[in-house]
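Chain and residue survey
Listed here are the chains, written in short residue letters.
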Amino acid sequence: MLLRSCWKSRHKNSSGSASCWIRPGLAALLWLCVTQLACGSGAMGETKNVIQKDAEFDVTYNDTVTSENQTIYAFNHTVSRNKTEGVHVSVDVLSQGLESPILFVVRQKQAVLSFQVPLILRGLYQRKYPYNHVGRTLCQPPTRAASETQYFFVDVSTLSSQGTNYQLRVSRVESFTLQTDKKFSFTASPSQPQYFKYIFPDGVDTVIVKVNSDMNFPCSVISIQDIQCPVYDLDNNVAFIGMYQTITKKGAITVQRKDFPSNSFYVVVVVKTEDEACGGPLRFYPLRPDELIDAGNRSKVLDVMVSPAINSTVYVTGMLFCLGIFFSFYLLTFLVACLENKRMNKKRDVFQNPADMSPAETGKTPASPYEYGSFADNGSTLSSEAITDSATSTDNNYGYMGQEFFKRRPILNHLHHIAIRIERSLDSVGRSRQESLSSVEEDDYDTLDDINSDKNIVRTKKFLCVSDLARKDKRILSKKYQIYFWNIATIAVFYALPVIQLVITYQTVVNVTGNQDICYYNFLCAHPLGALSAFNNILSNVGYVMLGLLFLLIVLKRDIVHNRALVRNDVNALECGIPKHFGLFYAMGTALMMEGLLSACYHVCPNYTNFQFDTSFMYMIAGLCMLKLYQKRHPDINASAYTAYACLAAVIFFSVLGVVFGKGNMVFWIVFSVIHILATLLLSTQLYYMGRWRFDSGILRRILYVIYTDCIRQCSGPMYIDRMVLLVMGNIVNWSLAAYGLIERPNDFASYLLAIAICNLLLYFAFYIIMKLRSGERIQCLALVCILFTAVVWGFALYFFFQGLSTWQKTPAESREHNRDCILLSFFDDHDIWHFLSSIAMFGSFLVLLTMDDDLDTVQRDKIYVF
């Protein structure tokens, strides 16, 4: 039907532009503009031929359009409330070298869709990509009636004076609604996006939408949008609404029913015009700003499947499992403590038996009254209670054979206890000065020149014992090492508060914008809870906190026992074994708890900008463990808390610089490698000479003098061979790591820095164990069990760590290629198991440091070698 005026509705017989069919809202405005152009009612006063055609589905229409005519295709279809069918409009432009594009306007009951062909999509730097074949899926407005016939119209027009040939085809999408647990394959391209509808089944509150492809490129975007029109399904507007993420081969989004009031949503898949967002190559910049670039074939075959996610029962099971594992360590520790206490009580009961025996027991006749434990002849008496008390206070000073020796010789037993009591009396007189801990300063003992001279003599001996490096008052050193704990507690508060605030902001931005490329989750095993997107990765960090607290309780118990021994003036506590200083242990337990808290904060939204939250206290733990190993046999000369934390702050500073500026920056790596090597040399010198050297203007002269006297004038070996072996091995390791960093320049600088700390810690620990055994010392059963158990757990932990479920060194889309399904209770993934095992392994490592020298508790300090 051909009309010379406005098009008349096939359902209404009225003429004139005033009788044109008007729809409310945006549809009315757009249609009004089109009809005004078609009717020629503007200033030009021209008339345009408007052709209306009754059209059918699945029929290809080949027509021509010019500026003189406009074609309208009228379609109708039946819409059911219980069944949703998609309608797909496909357009091809057959003419080449068009002056003006063809405009297609699709008018529906409650929506209007318009697009031009060729479709121009923009990329980076204003690149323009034309597409002559365009396919769009129509938005389906909801209907309240059980069945309703709806009409829609496709208007075709152009401003080109030349005839333009095109093809139009409208077809139904039979598989428009996705089925649960059923895979559906389809093809998409930048000009032919696809979207499908999913309806939540009864009893399912959370589903996970998985999209897979065998092709890395072209880069794609998956979006979850509410059921409303219009649907944003082009590269330039897909990020306007809903949740979205870029994908190469693999993508997944967890969707909750509570976020969609209609209990349904659209799954939109868009292919991007360029691959740069997915880590692909970037095209050259166009020579002319308006030059059109041929995008080539960018079709991609994808599969989509929607599966139910876990229910609340799995959440509860996962939480109970996690808490149960670590509470079992509390129970095991309690049982071990009970057994140890029972063993000590039994040992104490043996030593508290009467020391004298009857003649029938000994088989001898008393030779004198002394064998009955009385000194009545000279007027001095020692009651059996006093003797027993004295024996009790010294029950740890001698082995079982020594106690039996005195038991079988009563006269010697009495003389022995008298000597001990006299020694205790003299000792108590020498310790009559009872200043408080806060009134004693380290400088009280290190200000006289003769003391400094004595240091130079003692610390440069060829063979040192712990007694040589444990000469300072224990109260001074206790105060010195307690500062470690208070400083790290202060650092933790000031560090954690802004971190928590920042990650909450990150999570809020993700939830508001829907941009899931901000955070690098394992999307195939990311279980949301409340506002958190990956609750399981946060929950698995509770082990660090619980085991850190347990370690603090164990240290506190040992601290209390040791202080009680000091109050009793126990010789073992005063003069035997490795000096007991618990400040560093308290700092280590606090650092382990903070590692759990900050790791949880990092996993709220893991990405490269906040990875330092996860590693900062790892550096501190490694540094504190090395300091504790060194402090064991060098208590007087160990670094102060201020020096130690200043060095750790410098490490964290370089970590931040490396993350921000280190990627591929040769200048940064040269500077860092030089600083690394110089720091290694300075620390080696400090350790070799026990701090008895000066870094001043004469350092070069002294170095040359040592080289001349020890290497040129006469060839002499190092004076401290054991220390030299450790330092040579340490320098080899650190120089090798520096060379590796300079050559390879790894992208993950924070992990590289952590590897340096761990390698040095393992090297020093191995050296300590070897030297301990070489010195004739032994490792007790409990410490040996801890060492073996910790080594096995570390092995399994590292296996799961290197699985690599995500990586912020790549783009978010490339990172998702490493995502894997949950492997434990359908709730925890490989990285969660790494959290479990590494927290247990760190706890075991701390126990090794706490117990490895328990065999020396009854050995005089002048018999314990320093290495």
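Above: the structure in question.
Note that the structure is a prediction, hence the values are computed from the model and not measured. (Residues numbered from 1 in each chain as written. Predicted model: local features only at pLDDT ≥ 70, side-chain atom pairs only at ≥ 80, totals over all residues. Heavy atoms only, no water.)

Describing the pattern of salt bridges
Overall, the coordinates contain 20 salt bridges when judged by the stated rule. The salt bridge partner of Asp821 is Lys210, with a shortest N-O separation of 3.8 Å. Of this pair, Asp821 sits in the loop between helix H20 (812-816) and helix H21 (830-851) while Lys210 sits in strand E15 (residues 206-212), placing them 611 residues apart in sequence. For Lys772, the salt bridge is made with Asp853, and the minimal N-O distance between the two is 2.7 Å. Residue Lys772 is found in helix H18 (residues 749-774), and its partner Asp853 is found in the segment after H21; the two are separated by 81 residues along the sequence. Given a relative accessible area of 0%, Lys772 falls into the buried group. Given the relative accessible area of 3%, Asp853 is considered buried. Beyond isolated ion pairs, a larger network of salt bridges with shared partners links Lys632, Arg633, Lys772, Glu777, Asp853 and Asp855. (Salt bridge = Lys/Arg side-chain N within 4 Å of Asp/Glu carboxyl O. Helix = DSSP H or I, 4+ residues; strand = E, 2+ residues; numbered from the N terminus. Buried < 20%, exposed > 50% of the residue type's maximum accessible area, 1.4 Å probe, protein only.)

Quick look at the environment of Ala74
Take Ala74: it is sitting in strand E4 (residues 69-80). Separated by 19 residues in sequence, Ala74 and Ala55 place their C-alpha atoms 5.5 Å apart.

Notes on the environment of Tyr330
On the secondary structure map, Tyr330 appears in helix H2 (residues 312-351). We classify Tyr330 as partly exposed; its relative accessible area is 22%. Residues Tyr330 and Leu550, 220 residues apart in the sequence, show an inter-C-alpha distance of 6.9 Å. Apart from the residues within four sequence positions on either side, Tyr330 is in contact with Met546, Leu549, Leu550 and Leu553. (Contact = heavy atoms within 4.5 Å.)

A look at the pairing of strand E19 (residues 264-271)
Most of E19 is tucked away: eight of the eight residues are buried. In E19, alternate side chains face the same way, and those of Ser264, Tyr266, Val268 and Val270 on one face and Phe265, Val267, Val269 and Val271 on the other are all buried. One ladder, built from six bridges, connects strand E14 (residues 194-199) with E19; its direction is antiparallel. Residue pairing for E19: Tyr198 is matched across the bridge by Phe265. Sheet analysis places strand E16 (residues 220-226) next to E19, joined by seven bridges and oriented antiparallel. From the neighbouring strand, Ser223 faces E19, where its bridge partner is Val268. (Pairing = 2+ DSSP bridges.)

A look at the sheet that holds strand E17 (residues 243-247)
Here we have four strands laid out as an open sheet, ordered E14-E19-E16-E17, and antiparallel in their pairing. At either margin of the open sheet sits one strand with a lone partner, and together these are E14 and E17. Neighbour to neighbour, the strand axes of the sheet diverge by 20° on average, direction disregarded. Bridge count between E16 and E17: five bridges; the pairing is antiparallel. (Axes fitted to C-alpha atoms, helices over the stretch in contact; angles between N-to-C directions.)

Here's the deal with the nonpolar core
Formed by 111 residues in total, the largest nonpolar core has its most connected members in Tyr484, Phe617 and Leu624. If sequence neighbours within four positions are ignored, Phe617 has contacts with Ile488, Ile491, Ala492, Tyr495, Ala591, Met594, Glu595 and Leu598. (Core = buried A, V, L, I, M, F, W, Y, C linked by side-chain atoms within 4.5 Å.)

Describing the side chain of Thr851
Position of Thr851 relative to the elements: it lies in helix H21. Non-local contacts of Thr851, meaning those with residues more than four positions away in its chain, are made with Arg558, Leu782 and Ala783.

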